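Here is how the chains run, residue by residue.
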Amino acid sequence: MNYVAVAILGLAALNLSLRLYSRFHRRKLTAAQRQVMTTYATYYQQLDPASQLRFERTVADFVNRKEWRGSGIAVVDGMKVMIGSCAAQLLHGFPEVRLRHFKRIVVTSGPYRATLDGKLHLGEVRPGQGVIIISWSDFVKGYADPRNAYNVGLHEFAHALWFENTIQNGEEHFLDEALLRQWNVLALAEISRINTGSGHFFRKYAGANTAEFLAVAVEYFFEQPEEFKAAFPELFGVLGGLLRQGR
Ligand SMILES: [Zn+2]
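Bear in mind that the values here come from a model prediction, so they are computed numbers and not experimental data.

**Q** In this structure, what is going on with the overall build of the protein? I would like to understand it.
**A** Helix and strand counts for the protein stand at 11 helices and six strands. Counting only residues that meet the buried cut, the protein has 32% of its 247 residues in that class.

**Q** How should unusual backbone geometry be read in this particular structure?
**A** Excluding glycine, residues mostly have negative phi values, and the peptide bonds linking residues are mostly trans. Although it is not a glycine, alanine 149 sits at a positive phi angle of roughly 65°. Considering the arrangement of structural elements, one finds alanine 149 in the loop between α6 (136-144) and α7 (152-164).

**Q** Would you explain the nonpolar core in this entry?
**A** Generally speaking, a soluble globular protein has its nonpolar side chains buried in company with each other. In terms of nonpolar packing, the biggest core is built from 58 residues, with Ala87, Ile134, Ala217, Val218 and Leu239 touching the most fellow members. If you tally residues by element for this core, the top one is helix α9 (residues 210-223), at nine residues. Once residues within four sequence positions are removed from consideration, alanine 217 is found in contact with Phe202, Ala206 and Leu239.

**Q** Got a minute to help me understand α9 in this structure?
**A** Every α-helix winds through 3.6 residues per turn, so residues three or four apart in the chain are directed the same way. For α9, spanning 14 residues, the distance from its first C-alpha to its last is 20 Å, which sits close to the expected 20 Å at 1.5 Å a residue. With 10 of 14 residues buried, α9 lies mostly within the body of the structure. Among the residues making up α9, those that are buried are Phe213, Leu214, Ala215, Val216, Ala217, Val218, Glu219, Tyr220, Phe221 and Phe222. Of the surrounding secondary structure, the elements contacted by the buried residues of α9 are α5 (77-90), α7, α8 (177-195), α10 (225-231) and α11 (233-243).

**Q** Please clarify how the sheet that holds strand β6 (residues 131-135) should be interpreted in this entry.
**A** The strands making up a sheet associate through hydrogen bonds between their backbones, and the pairing can be parallel or antiparallel. Read across the open sheet, the four strands follow the order β1-β2-β6-β5; overall the sheet is mixed. Each end of this open sheet is capped by a strand with a single partner; those strands are β1 (67-71) and β5 (123-126). On average, adjacent strands in this sheet sit at an angle of 15° to one another, irrespective of strand direction. For β5 and β6, the ladder comprises four bridges, and the chain directions are antiparallel. Counted as the bridge partner of arginine 126 is valine 131 from β6.

**Q** Help me understand helix α2 (residues 31-40) in this model?
**A** Among all positions of α2, only Gln33, Val36 and Met37 are buried. Within α2, the buried residues cover an arc of 95° as seen down the axis, which keeps them to one side. Opposite the packed face of α2, turned more than 90 degrees from it, sit the exposed residues Ala31, Ala32, Thr38 and Thr39. Packed against the buried residues of α2 are α3 (42-45), α4 (49-65) and α5.

**Q** Could you clarify how one ought to interpret the pairing of β5 in this entry?
**A** Put simply, side chains in a regular strand alternate between the two faces of the sheet. Along β5, the buried face is formed by Gly123 and Val125; none of Glu124 and Arg126, which line the opposite face, is buried. Hairpin geometry of β5 and β6 is characterised by an intervening segment of four residues between the two adjacent antiparallel strands and by a positive phi of about 65° at glycine 130.

**Q** Would you explain the packing of α8 against α11 in this entry?
**A** A pair of packed helices is characterised by two quantities: the angle between their axes and the separation of those axes. It is the contact of α8 with α11, at a shortest axis distance of 10 Å, that shows an interaxial angle of 140°. On the basis of the axis angle, α8 is oblique to α11. When you trace α8 past α11, the crossing you get is left-handed. Contact with α8, carried on its side by Leu179, Leu180, Gln182, Trp183, Leu186 and Glu190, involves Glu234, Leu235, Val238, Leu239, Gly241 and Leu242 of α11 and no other residues of that element. Within the contact of α8 with α11, the residues separate by chemical class into eight nonpolar, two polar and two charged.

**Q** I would appreciate a short explanation of the environment of methionine 37 in the present structure.
**A** Here methionine 37 lies in helix α2. For methionine 37, a count of 23 C-beta atoms within 10 Å puts it in the buried group. Between the alpha carbons of methionine 37 and glutamate 56 there is a distance of 9.0 Å; along the sequence they are 19 residues apart. In this structure methionine 37 touches Tyr44, Val59, Val81 and Ser85, once residues within four positions along its chain are discounted.

**Q** What am I meant to see in the pairing of β1 here?
**A** Two strands pair when backbone bridges link them, and β1 and strand β2 (residues 104-108) are joined in this way by five bridges, in the parallel orientation. Across the sheet, arginine 69 pairs through a bridge with valine 106, a residue of β2.

Reading guide: rules and limits
- Residues numbered from 1 in each chain as written.
- Predicted model: local features only at pLDDT ≥ 70, side-chain atom pairs only at ≥ 80, totals over all residues.
- Helix = DSSP H or I, 4+ residues; strand = E, 2+ residues; numbered from the N terminus.
- Buried ≥ 20, exposed ≤ 12 C-beta atoms within 10 Å, placed from the backbone.
- Core = buried A, V, L, I, M, F, W, Y, C linked by C-beta atoms within 7 Å.
- Contact = placed C-beta atoms within 7 Å.
- Expected span 1.5 Å × (residues − 1).
- Pairing = 2+ DSSP bridges.
- Axes fitted to C-alpha atoms, helices over the stretch in contact; angles between N-to-C directions.
- Arc of directions from axis to C-beta.
- Parallel < 35°, antiparallel > 145°, perpendicular 65-115°, else oblique.
- Left-handed = near helix turned anticlockwise from the far one by under 90°.
- Nonpolar A, V, L, I, M, F, W, Y, C, P; charged D, E, K, R; others polar.

Written out as structure tokens, the structure reads:
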């Protein structure tokens, strides 16, 4: 065996042991962090104990492994737990998915003007930089009224989920291909109805493009599931299948 082969084998062994280490030495949530969830995270509160444990692992990974930055606001622990809980809510059907491409989460104090288009934004996903941006004041509003189908946290994480599914990084293609094809057909049909004025359920912004349609549909999925199901049983069923969440 030559030196190169020995070096390659050595690196592979090191890589494997690092992976195993991080898998079995995940930092867990502290009692104070869990207290934030039992007080405010309504989705978590409704889960059975085994599902709560699974949910907690996802939140802990978001809190401890993402790089958090504040813009005009200090990102305190409770904010990380709540934003992590929002991600865990969307990802509940995927116990191993952590949106690993998105390494950094930037929290702004409120809506901000994006340099690219000069418009006010409540949040944004930048796949090129692996960044998710969320306005904290709007994130809070999203959960303050859990029935109005406006939730910027779920909206931005839905965008991130969509990108993550196609980015080759060992965490891709977790969305069912057949369901995705079905989703695209149904989504395009509804987008054209929205844009010709005959849409009767989703807010108009859902008609902007397929990415926005998905993100807005996710907001309705969690905040108005009965109404969504009654209006579009097939679309609702396909989205539930994609997210692996029956509602
Ligand atoms: Zn969007």
